[in-house]
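# Analysis of the macromolecular model
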Amino acid sequence: MLIYGTGIATDMMYLSKDVAPELSHPDVPRYQNRTQTILDGGLLYRDVHTETPPLINYILIPAQLVGGADHVWVWSIYFSLFAFFLATMMYLSFRKVDENKAFLASFMVVLCPFLISESSLGEDESIMAFFFMLAAILMFYDRRKWSAVAIAAGIWIKMFPLLLLPTEFLRQRNLKDKTVLVTIVLLVTLLVTGAFVILCYDDFTYFLNFYFLGDSSRTTGGQSMWHFLDMGGFEIPRMIELGIIGVGMVATYLYCYIKKLGVWESMTLVMLAFFVLYPKVHTGYYVIIFTLLVVWAVENKAIALRIYLSFVPIIASVAFSTLESDKTYIEFESSWLVGLALNLAGTILLIDATRLALKSKPFINAGKENTIVDAAEKTE
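Figured I'd write up the structure that's included with this text. Remember, predicted model here, so these are calculated numbers, not experimental data. (Residues numbered from 1 in each chain as written. Predicted model: local features only at pLDDT ≥ 70, side-chain atom pairs only at ≥ 80, totals over all residues. Heavy atoms only, no water.)

## Section: the overall build of the protein chain
Operational definition: By the criteria applied, helices consist of DSSP H or I runs no shorter than four residues and strands consist of E runs no shorter than two, each listed in order from the N terminus. For a compact globule the rule gives 2.2 Å times the number of residues to the power 0.38, and the radius of gyration it is set against comes from C-alpha atoms. The cut-offs for exposure are 20% and 50% of the maximum accessible area for each residue type, with area from a 1.4 Å probe on protein chains only; residues under the lower value are buried, those over the upper are exposed, and the others partly exposed. For the area figures, the Shrake-Rupley method with a 1.4 Å probe applies, and any residue is considered shielded solely by the protein chains shown. Positive charges are assigned to Lys and Arg, negative charges to Asp and Glu, while His and the chain termini are left out of the count. Charged side chains are reduced to one point each, which is NZ for Lys, CZ for Arg, CG for Asp and CD for Glu.
When you go through the protein chain residue by residue, the secondary structure sums to 20 helices and zero strands. Taken over C-alpha atoms, the radius of gyration comes to 21 Å for the protein chain, in line with the 21 Å a tight globule of 380 residues would show. Overall, the protein chain is about 65 × 50 × 45 Å in size when its C-alpha atoms are taken along their principal axes. Every one of the 380 residues in the protein chain was classed for burial, and the buried ones make up 52%. For the protein chain, the accessible surface area stands at approximately 18000 Å², while carbon and sulfur atoms represent 65% of it. Charged side chains in the protein chain number 28 positive and 34 negative. The centres of these two groups are separated by 11 Å.

So, in structure tokens, the structure goes:
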């Protein structure tokens with residue numbers, strides 16, 4: 001309440017009025033329109049322009065019902081609650097491994113600057129991070145069926161859990177387990193999307209094309225190095241861009257598989273590779289890599305320092321980035337180079353934090369090792 005309340009108050013009284021009103025609650029009108037359309041009995045995609053997966057809009061309904069239609073700060077409080085839920089989930093998931101380290105990890109998540117800033121500004125990244133980490137934790141504990149459900153549902157909340165699917169598929173030991181995984185994902189997908197495919201096929205398929213392949217007529221946005229190169233006139237054709245992402249991600253999955261990295265290590269490396277390669281990376285997306293690295297940071301001050309410091313250059317690069325509204329806060333000749341340098345500095349800090357992390361096992365691995373030992377003893 002103290003930390004996020006202060007962030008919300010600062011935004012409402014200062015940032016939204018005097019400093020950067022375009023950055024304060026920019027997507028709230030979209031949240032309001034989409035949730036109200038649902039409440040009025042309308043259909044996403046057909047009755048209201050929708051560029052996000054369907055489930056996230058239904059998760060936003062409570063905020064609209066408790067005053068979000070009239071007060072933007074309601075959305076900030078709602079998203080802050082999911083930041084608390086995310087931290088609590090981390091604590092409850094790993095407290096049996098080490099009570100103190102699990103509590104410290106959850107406390108570090110609460111103090112994540114990416115999470116505080118995004119929630120205060122009325123962005124829904126805390127919800128995205130919560131459901132991503134839910135799927136990640138279920139994968140870590142080998143809850144195969146439930147992790148498959150969480151991955152499939154998470155894809156239709158925000159796309160990031162899709163990146164977990166190849167790792168989960170490759171780690172299945174036999175054809176039966178792989179078949180079960182794919183079947184569950186397809187069934188959940190059919191359950192979520194079936195009505196939209198039947199009732200508004202054209203609008204829904206346009207969303208799929210835009211969401212997964214992008215729109216070449218629109219700016220990439222975000223703060224990725226690709227966006228700053230685009231600002232400098234070094235635009236990469238869309239197909240080459242997609243090819244770089246595809247090749248890079250396949251190489252990362254294969255590396256993790258061949259090296260037999262643990263599931264948490266694999267997820268961390270995969271997400272890092274994606275954030276380096278993906279052209280439209282927003283500030284809030286870094287919550288995922290931050291949270292994944294926290295399980296090492298509780299034992300390694302160097303990692304903790306890097307993941308917190310990475311926020312400074314990354315958030316500073318926003319001032320030099322062309323927003324989707326085509327506004328740039330700080331602009332002069334070759335100012336994009338400053339934004340690029342800042343983004344690269346933050347990215348390098350996260351890369352180095354991951355390098356340090358992969359040299360050792362996270363404390364949560366002790367829980368899996370104990371589980372294996374207990375199972376072996378019971379078998380004997």
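## Overview of helix α4 (residues 61–68)
Under the convention used in this document: Throughout, a contact is declared for two residues whenever any of their heavy atoms are within 4.5 Å.
All buried positions along α4 are accounted for by I61, A63, Q64, G67 and G68. In this structure, the buried residues of α4 make contact with α2 (28–39), α3 (54–59) and α5 (73–94).

## A few points about the nonpolar core
Rules: Only buried Ala, Val, Leu, Ile, Met, Phe, Trp, Tyr and Cys residues count toward a nonpolar core, and they belong to the same one when joined by side-chain atoms within 4.5 Å.
Core analysis: the largest hydrophobic core is formed by 107 residues, its most contacted members being F160 and W264. With 12 residues, the top contributor of residues to this core is helix α8 (residues 125–140). Sequence-distant contacts of F160, that is, excluding residues within four places in its chain, are made with M128, F132, M271, F274, F275, Y285 and I288. In this structure, M225, W226, F228 and W336 belong to the second largest nonpolar core, which totals six residues.

## Structural notes on helix α7 (residues 113–120)
Across the eight residues of α7, eight count as buried, placing the element largely inside the fold. Restricting attention to buried positions, one finds in α7 the residues P113, F114, L115, I116, S117, E118, S119 and S120. The first or second residue beyond α7 is G122, which carries a positive phi of 80 degrees.

## Digging into a nonpolar patch on the surface
Inclusion rule: Candidates for patches are residues over 30% relative accessible area with no salt bridge; among them, like charges are joined within 9 Å and nonpolar side chains (Val, Leu, Ile, Met, Phe, Trp, Tyr) within 5 Å. For this analysis, a salt bridge means a side-chain nitrogen from Lys or Arg found within 4 Å of a carboxyl oxygen belonging to Asp or Glu.
Together, W73, I77, L81, F84 and F85 give the surface a local cluster of nonpolar side chains, amounting to about 470 Å² of exposed area. With respect to the secondary-structure elements, L81 resides in helix α5. Accessibility expressed as a relative area gives 39% for L81, which makes it partly exposed.

## Overview of the side chain of S126
Take S126: it is sitting in helix α8. You can call S126 buried: its relative accessible area is 1%. When sequence neighbours within four positions are dropped, the list of residues in contact with S126 reads F79, F82, A83, L115 and S119.

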